[in-house]
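The primary structure of each chain is shown beneath.
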Amino acid sequence: MIKAFQSLWVLGLVVFSGAAAAELEVRHVAGPGYAIVGELGGRTYENHGLNATFGFVVTDTGVVLIDSGASKAGAALIEKAVASVTDKPVTHVINTGSQDHRWLGNGYFADKGAQVIALARTVDTQQRFASQHMEQLQTVLKTRLDGTRPFHAPAPVDGNAAVLSIGGVDLHLRWLGDAHFPGDAVVWLPAEGVLYSGDLVYVERLLGVLPWSDAAAWREAFGRMEALAPRHIVPGHGRPVGLEVARRDTGDYLDWLVVELTEASGNWEPIDDVIARLAHAPAFESLLNFAELHRGNLSRAYVQLEAQR
Ligand SMILES: [Zn+2]
């Protein structure tokens, strides 16, 4: 099934599996880099919890997968999506984060011999959230979670950065600051100007500030990402974009949240008043999931910023 897209770098391949399908759209980004775009809404039984964007890089010696999906079954669907582009096996899996869809498919690929790679600060958060995420997924995915085991990188990378040279491609794994989850990281291909942002960037849909997110640090991390001047961004959620769209859908929202809420906090404005006053945010209301997430984002970011004062 081929879809029509407006983008210039179009390669629309949609992978279906069975009647209740997870829709994954494979797109060529640049050079050896590809994106696998999942749904923009919440996690469901039907989408296997693959409500996120993943990536892969085809090297001379095999495929480097960036983020492995939320389950064993979801990982197999991601593998199928990769196979629509290349016959090469997934030899490496890099995790950009610790939310379920970033890493709970690791075990599937590790069992096939792939090397799993992540920063130590990412693995720390994975360990902290593993049982909570498995419990939540169980209620949504039911038997589709069967066989899933939280498996993190066996030799986590210390520090904030590592350069991985795999099959002729240099991949820079970097922590730019805590964002959606503590220890979120990005994968940067300087030669191609391709940045796999993980949950640092959301486009087309509103980002989520969770209780353990850090809106102010996220904003700073976004600025460091911009300083890399990527030509192509594969976001954590949404289709591949240029920097301008990432700035509009994520950077501007973070700026707005932090600036508005810092000022309100300085004025000791009660939280209910702040939420009522800022519930309308016309610049961002067209983003998907705005109605579900925006007020909660305000509330949690306000609590975070007050605690940081
Ligand atoms: Zn995510």
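What comes next concerns the included structure. (Residues numbered from 1 in each chain as written. Predicted model: local features only at pLDDT ≥ 70, side-chain atom pairs only at ≥ 80, totals over all residues. Heavy atoms only, no water.)

1. Topic: the pattern of salt bridges
Put simply, the rule reads: Here, a salt bridge means any side-chain nitrogen of Lys or Arg that lies within 4 Å of a carboxyl oxygen of Asp or Glu. Put simply, DSSP H or I for four residues or longer makes a helix, DSSP E for two residues or longer makes a strand, and each gets a number counted from the N terminus. Here's how the labels work: a residue is buried when its accessible area is under 20% of the maximum for its type, exposed when over 50%, partly exposed in between, all with a 1.4 Å probe on protein chains only.
Scanning all chains against the criterion turns up 16 salt bridges. Residue Asp199 is joined to Arg102 by a salt bridge in which the shortest nitrogen-to-oxygen separation is 2.8 Å. Residue Asp199 is found in strand S11 (residues 194-202), and its partner Arg102 is found in helix H2 (residues 100-103); the two are separated by 97 residues along the sequence. A relative accessible area of 1% means that Arg102 is categorised as buried. Residues participating in the shared-partner salt-bridge network are Arg219, Glu226, Arg247, Asp252 and Asp255.

2. Notes on the packing of aromatic side chains
Heads up, the rule is: Each Phe, Tyr or Trp ring, with Trp reduced to its six-membered ring, pairs with another whose centre is within 6.5 Å; inter-plane angles below 30 degrees give stacked pairs, above 60 give edge-to-face pairs, and intermediate values give tilted ones. Throughout this description, the term charge over a ring refers to an Arg CZ or Lys NZ atom that lies within 6 Å of the ring centre and within 35 degrees of the ring normal.
Evaluation of the coordinates by the stated rule reveals nine aromatic pairs. Ring plane angle 55 degrees and centroid distance 4.8 Å describe the contact between Phe129 and Trp212, whose orientation is recorded as tilted. With Phe129 in helix H4 (residues 120-141) and Trp212 in the loop between S11 and helix H5 (215-227), this residue pair connects regions lying 83 residues apart in the sequence. A ring pair is formed by Tyr253 and Phe284, whose centres lie 5.1 Å apart and whose planes are at 75 degrees; its orientation type is edge-to-face. Here Tyr253, found in helix H6 (residues 243-266), pairs with Phe284, found in the loop between helix H7 (271-278) and helix H8 (290-308); they are 31 residues apart in sequence, far enough to count as distant. Among the aromatic side chains, those forming a connected cluster through ring pairs are Phe129, Phe181 and Trp212. Taking the ring centre of Trp175 as reference, the NZ or CZ of Arg121 above it sits at 3.6 Å.

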